[in-house]
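# Understanding the architecture of this molecule
The lines below spell out each chain.
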Amino acid sequence: MSEPATLLETPADADSAQDSAEDSAAAAEKAAAHAALKLEKRLVRQVAQAIGDFGLIEDGDKVMVCVSGGKDSYAMLDVLRMLQQRNGHKFELIAVNLDQKQPGFPAHVLPDYLAKVGVPFHIETQDTYSVVKEHIPEGKTMCSLCSRLRRGILYRVADELGCTKIALGHHRDDMLQTFFLNMFFGGKLKGMPPKVQSDRGDHLIIRPLAYVAEDDLSRWADIRAFPIIPCTLCGSQENLQRKQIGQMLRDWQQLYPGRIENMAVALRNLVPSHFMDPRQFDFKGMVPNGVQDADGDKAFDAPEFPAQAVGTLAGLSVMPR
């Protein structure tokens, strides 16, 4: 008895199936390349906008780009190199890494990568790991002491290298987390500025990724296959307040898509007269001036906001008004 016709496969059928698979693979590759190009354009545009909005980099600057081996600093260096090439190398870049002598730290990874891509670099070796371990009890947060030690060393290196700006890889989500950390735990409305003077007053710190979302940086790191070095000193500690705030923001974004974007825009739209800090606004000296203000407070009306869906946020009930 012959087999059913449906089970028979001719050479033409096999060729057709192979062609179909190749077509699908080619289409997927084309789509991935298109998505990567769109992401590259967005990253370049956002970093260029931050540079322009806040005057982060000027012609003649020598920028010390702090690279840790994490996705954020790799991406920052990558995008700054693109912008440097596009503007005719009117500013210099030098990548700087602080080898803190952490046990198991792969000291060859960053020099190998930086040499491969052709970036001038400097590796500063200082055993801050032992200092932190000596002074911070087991289980306690190491970030504060580690940050102070690292900051002092990098300021010195910037002077030795003749750098005019120090670029750090903090992104939009870091800035929002800092804002909420200060509000919840510090009792102040204070964020992370895109450009700030050092505590000693002799260096300018810039954050070119101020407008860039962390998710985009993660995607770019995957696309570029950066040789990521995990942090085992402070970044891997659990129960840090910053991690808790980060989770809260992710919960918000999941429940109400677009909220992180709205909050990031809010950091650029301050209205001092609608806070309660007399140092920022002269409430005592305020008198009616007879000038209509469309943005003025409707003193007897409740503020109106878009209705929200009922849900939960970081364990709290969220109800629409």
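Rules and cut-offs
Throughout this document, residue positions are counted from 1 along each chain, in the order its sequence is written. A pLDDT threshold of at least 70 governs which residues receive local features in this predicted model, and a stricter bar of 80 or more applies before side-chain atom pairs are shown or counted, although totals over entire chains, interfaces and linings include all residues. Excluded from the side-chain calculation are hydrogens and water; included are all heavy atoms of the structure. Secondary structure elements follow DSSP: runs of H or I of four or more residues count as helices, runs of E of two or more count as strands, with numbering from the N terminus. Burial status follows relative accessibility: with a 1.4 Å probe on protein chains alone, a residue under 20% of its type maximum counts as buried, one over 50% as exposed, and anything between as partly exposed. We call two residues contacting when some pair of their heavy atoms lies within 4.5 Å. Using the Shrake-Rupley algorithm and a 1.4 Å probe, accessible areas are obtained, with residue cover drawn only from the displayed protein chains. Two strands are counted as paired when DSSP detects at least two bridges linking them. Fitting a line to C-alpha atoms yields each axis, with helices limited to the stretch in contact; the angle taken between N-to-C directions then spans 0 to 180 degrees. Working rule for angles: under 35 degrees goes down as roughly parallel, over 145 as roughly antiparallel, 65 to 115 as roughly perpendicular, anything else as oblique. Put simply, Ala, Val, Leu, Ile, Met, Phe, Trp, Tyr, Cys and Pro go in the nonpolar bin, Asp, Glu, Lys and Arg in the charged bin, and everything else, Gly too, in the polar bin. Here the expected length of a helix is defined as 1.5 Å per residue gap, with one fewer gap than residues. A clockwise path from the first strand over the helix to the second, with the strands pointing away from the viewer, defines a right-handed crossover. For the purposes of this section, nonpolar cores are sets of buried Ala, Val, Leu, Ile, Met, Phe, Trp, Tyr and Cys residues that join through side-chain atoms within 4.5 Å. Should the near helix be turned counterclockwise from the far one by less than a right angle, the crossing is left-handed, whereas a clockwise turn marks it as right-handed. Stacked, tilted and edge-to-face are the three classes applied to pairs of Phe, Tyr and Trp rings, where Trp contributes its six-membered ring and a pair requires centres within 6.5 Å; stacked means planes under 30 degrees apart, edge-to-face means over 60, and tilted covers the rest. Between Lys or Arg on one side and Asp or Glu on the other, a salt bridge is scored when a side-chain nitrogen of the former is within 4 Å of a carboxyl oxygen of the latter.

## What to know about the overall build of the protein chain
The number of helices and strands found in the protein chain is nine helices and eight strands. When the 321 residues of the protein chain are sorted by exposure, 36% land in the buried category. Taking the contacts inside the protein chain whose residues are at least 6 apart along the sequence as the reference set, 74% of them involve residues at least 24 apart. In the structure as shown, the protein chain presents an accessible area of about 20100 Å², 55% of it carried by carbon and sulfur atoms.

## Quick word on the sheet that holds strand E3 (residues 121-125)
Taken together, the six strands give an open sheet; going across it, the order is E3-E2-E1-E4-E6-E5, and neighbouring strands pair in mixed fashion. Taken across any chain shown, the strands that pair with only one partner, and hence form the sheet edges, are E3 and strand E5 (195-197). Averaged over all neighbouring strand pairs, the angle between strand axes comes to 25°, with direction disregarded. Pairing between strand E1 (residues 62-66) and strand E2 (residues 92-99): five bridges, direction parallel. The residue bridging Val65 from the neighbouring strand is Ala95, located in E2. Each of E2 and E3 touches helix H3 (residues 109-117); the most contacted strand, E3, lies at about 170° to it.

## Some remarks on the packing of helix H6 (residues 172-186) against helix H9 (residues 259-266)
At their nearest, the axes of H6 and H9 sit 10 Å apart, and the two run at 75° to each other. Considering the angle they form, H6 stands roughly perpendicular to H9. Residues Arg172, Asp173, Leu176 and Phe180 of H6 pack against Ile260, Glu261, Met263 and Ala264 of H9. Class assignment for the residues of the contact of H6 with H9 results in five nonpolar, no polar and three charged.

## Some words on helix H5 (residues 143-161)
In a regular helix each residue adds 1.5 Å, so 19 residues correspond to 27 Å; H5 covers 26 Å between its end C-alpha atoms and thus fits that length. For H5, the full list of buried residues reads Leu145, Cys146, Ile153, Leu154, Tyr155, Val157 and Ala158. Gly162 sits one or two residues past H5 and shows a positive phi near 70°.

## So, the pairing of E1
In terms of burial, E1 is largely enclosed, as five of its five residues are buried. Residues of E1 alternate between two faces, with Lys62, Met64 and Cys66 on one and Val63 and Val65 on the opposite face, all of them buried. What joins E1 to E2 is helix H2 (residues 71-86), and the crossover it makes is right-handed. Examined bridge by bridge, E1 and strand E4 (residues 165-167) share three bridges and lie parallel to one another. Among the inter-strand pairings, Val65 is bridged to a residue of E4, identified as Ala167.

## Topic: the nonpolar core
In terms of nonpolar packing, the biggest core is built from 38 residues, with Val47, Ile57, Val65 and Leu80 touching the most fellow members. Those elements giving two or more residues to this core turn out to be helix H1 (11-54), E1, H2, E2, H3 and helix H7 (214-224). Sorting elements by how many residues they give to this core places H2 first, with eight residues. Not counting chain neighbours up to four residues away, the residues in contact with Leu80 comprise Val47, Ile51, Ile57, Val65, Phe91, Leu93 and Pro208.

## Side note on the packing of H6 against helix H8 (residues 241-255)
Close contact between H6 and H8 brings their axes to 9 Å; oriented N to C, the two are set at 110°. Overall, the two elements H6 and H8 adopt an arrangement that is roughly perpendicular. The handedness of the crossing between H6 and H8 comes out as right-handed. Mapping the contact onto sequence places Asp174, Leu176, Gln177, Thr178, Phe180, Leu181, Phe184 and Phe185 in H6 and Gln241, Arg242, Ile245, Gly246, Met248, Leu249 and Trp252 in H8. For the contact of H6 with H8, a count of residues per class yields nine nonpolar, four polar and two charged.

## What about the packing of aromatic side chains?
Taken as a whole and judged by the stated rule, the model has eight aromatic pairs. Ring geometry for Phe180 and Phe184: centres 5.7 Å apart, planes at 45°, overall tilted. Taken together, the positions of Phe180 and Phe184, both in helix H6 and four residues apart, correspond to about one turn of that helix. Here Phe180 falls in the buried class, since its relative accessible area comes to 7%. Among the residues examined, Phe184 registers a relative accessible area of 42% and is labelled partly exposed. Grouped by ring-pair contacts, the aromatic residues Phe179, Phe180, Phe184 and Trp252 constitute a single cluster.

## Considerations on the pattern of salt bridges
For side chains of opposite charge, pairing can occur when their charged atoms come near one another. According to the stated counting rule, one finds 15 salt bridges in the structure shown. The closest approach of N and O atoms between Arg172 and Glu261, which form a salt bridge, is 3.9 Å. Note that Arg172 is positioned in helix H6 and Glu261 in helix H9, a separation of 89 residues in sequence. Three or more residues are tied together by salt bridges with common partners; here these are Arg42, Asp216 and Arg219.

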